[in-house]
Amino acid sequence: MTNRSTTDFGFQDVDSSEKTNLVTDIFRRVASNYDLMNDVMSFGIHRWWKDQFIQKIAPKKEEKFVDVAGGTGDIALRLLNKSAPETDITICDINPAMLEQGRARTIDQGVIKGLQWVCGTAESLPFPNASFDVYTIAFGLRNVTNKESALKEAFRVLKPGGRFYCLEFSKVNHPLFEKAYSLYSFNVIPKIGALIAKDKAAYQYLVESIVRFPSQEELVTMIKEAGFASVSYQNLTQGIVAIHEGLTAQ
Ligand SMILES: C[S@@+](CC[C@H](N)C(=O)[O-])C[C@H]1O[C@@H](n2cnc3c(N)ncnc32)[C@H](O)[C@@H]1O
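Residues numbered from 1 in each chain as written. Predicted model: local features only at pLDDT ≥ 70, side-chain atom pairs only at ≥ 80, totals over all residues. Heavy atoms only, no water.

Enquirer: Looking at this structure, how should I read the pairing of strand β2 (residues 12-15)?
Expert: Residues in a regular strand project their side chains so that they alternate between the two faces of the sheet. Bridge count between strand β1 (residues 6-9) and β2: 4 bridges; the pairing is antiparallel. Paired with aspartate 8 across the bridge in β2 is aspartate 13. (Pairing = 2+ DSSP bridges. Helix = DSSP H or I, 4+ residues; strand = E, 2+ residues; numbered from the N terminus.)

Enquirer: I tried to follow the layout of surface pockets on my own but got confused; where do I start?
Expert: In this approach, a probe sized like a water molecule rolls over the atoms, and the result shows the empty space that is left. Estimates place the volume of the second largest pocket at around 160 Å³. If you trace the second largest pocket, you find it lined by Ser170, Lys171, Val172, Glu178, Tyr181, Ser182, Ser185, Phe186, Val207, Ile210 and Val211. The element best represented in the lining of the second largest pocket is helix α7 (residues 175-187), accounting for 5 residues. (1 Å grid on protein atoms, 1.4 Å probe; cavity = no way out; pocket = protein on both sides within 12 Å on 5 of 7 lines; lining within 4 Å. Points joined across faces, edges and corners; volume = space filled by probe spheres on them.)

Enquirer: What is the right way to look at the site of the ligand in this model?
Expert: Taken together, 19 residues form the shell around the ligand, and within it Tyr34, Ala69, Asp93, Ala122 and Ala138 come nearest. Contact distances for the ligand include 2.8 Å between a nitrogen atom and a backbone N or O atom of alanine 69. Measuring from a nitrogen atom of the ligand, one finds a backbone N or O atom of alanine 122 at 2.9 Å. Coverage of the ligand by the protein amounts to 98% of the 590 Å² it exposes when considered alone. Of the residues in the shell around the ligand, the class split is 10 nonpolar, 6 polar and 3 charged. (Near = heavy atom within 4 Å. Polar contact = N/O pair within 3.5 Å; in protein donor to acceptor, adjacent residues only side chain to side chain. Areas by Shrake-Rupley, 256 points an atom, 1.4 Å probe, with all protein chains shown as cover. Nonpolar A, V, L, I, M, F, W, Y, C, P; charged D, E, K, R; others polar.)

Enquirer: I keep staring at helix α9 (residues 200-212) and nothing clicks. Help me out?
Expert: Along an α-helix, residues three or four positions apart point the same way, because every turn accommodates 3.6 residues. Taking 1.5 Å per residue, 13 residues should reach 18 Å; α9 reaches 19 Å between its end C-alpha atoms and fits that length. Ala202, Tyr203, Tyr205, Leu206, Val207, Glu208, Ser209 and Ile210 are the residues of α9 that are buried. Among the structural elements, β1, α1 (16-30), α2 (34-42), β7 (158-169), α7 and α8 (189-197) are those in contact with the buried residues of α9. (Expected span 1.5 Å × (residues − 1). Buried < 20%, exposed > 50% of the residue type's maximum accessible area, 1.4 Å probe, protein only. Contact = heavy atoms within 4.5 Å.)

Enquirer: Explanation requested: the packing of aromatic side chains in the structure shown.
Expert: Each aromatic ring pair is characterised by the separation of its centres together with the angle its planes make. Under the definition given, this model contains 12 aromatic pairs. Both rings, one in phenylalanine 9 and one in tyrosine 205, keep their centres 4.8 Å apart while their planes meet at 20°; by these two values the pair is stacked. Here tyrosine 205 lies in helix α9 and phenylalanine 9 lies in strand β1, a separation of 196 residues in the sequence. Among the residues examined, tyrosine 205 registers a relative accessible area of 4% and is labelled buried. Taken together, the aromatic side chains of Tyr135, Phe155, Phe164 and Phe228 make up a single cluster linked through ring pairs. (Phe/Tyr/Trp six-rings, centres within 6.5 Å; stacked < 30°, edge-to-face > 60°.)

Enquirer: Which parts of the structure should I look at to understand the environment of phenylalanine 9?
Expert: Judged by its relative accessible area of 10%, phenylalanine 9 is buried. Sequence-distant contacts of phenylalanine 9, defined by excluding residues within four places in its chain, comprise Val14, Lys19, Leu22, Val23, Ile26 and Tyr205.

Enquirer: Looking at this model, I keep getting lost on a nonpolar patch on the surface. Mind explaining?
Expert: Together, Phe43, Ile45 and Trp48 make up a nonpolar patch on the protein surface, roughly 340 Å² of accessible area in all. As for its placement among the helices and strands, phenylalanine 43 is situated in the loop between α2 and α3 (45-57). Judged by its relative accessible area of 64%, phenylalanine 43 is exposed. (Patch = residues over 30% accessible without salt bridge, like charges linked within 9 Å, V, L, I, M, F, W, Y side chains within 5 Å. Salt bridge = Lys/Arg side-chain N within 4 Å of Asp/Glu carboxyl O.)

Structure follows, in structure tokens:
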């Protein structure tokens, strides 16, 4: 009898203590091609998904935001563009290489105010209780080892009346479309990864991790179990991705 706890890493089951390092290594390897790969793999549709996400959040300028697993700052930059220059947005990511790409990109775009870049894990956020009005996580939760802990941390760092938003790959709700999507995911994406990022394994992990991620309804249950109220979701592109939202009590 052993106490070893395992978790998903793509289609493999690995020791829970190993997953974080394996995921961190993947994003360190792909960081320099990350933004280009998103455009190529999704034919640019990820931009529309992210725009829908920001529209749903409807950021207000007096709010304090934390974007967890914020990577190269794509969501944070969109929030900043939609709100105001004085907006306060903290980007938190476990991976210094992703944060560094993001910081360089924002400097290139002339953005110097309003963004804080913090290295930390979603499962134990380096922020006091009730620090933020809005918590966002986009294409991040799938990669976190202990998703329940990450959701509880989201609840902890939000103020009363705070808003939680998650954008993540989900379950396609149309059988024919699902078949085509699955064929594309498994046969094409790893090849694009090999060609552009020179890393087939990283993109094989991506498609496998999408299959292992909870369904829309399962994620609703997990978000409620973390303490959130008024939890709901919206499918985009037949459920290829979904936006989940929830509120902390007033
Ligand atoms: C697919 S990228 C998403 C980046 C960005 N949110 C976007 O939408 O473009 C996933 C990010 O999650 C980060 N990540 C993985 N595990 C994490 C964890 N436990 N805590 C915080 N960030 C994590 C990775 O380093 C990576 O930057």
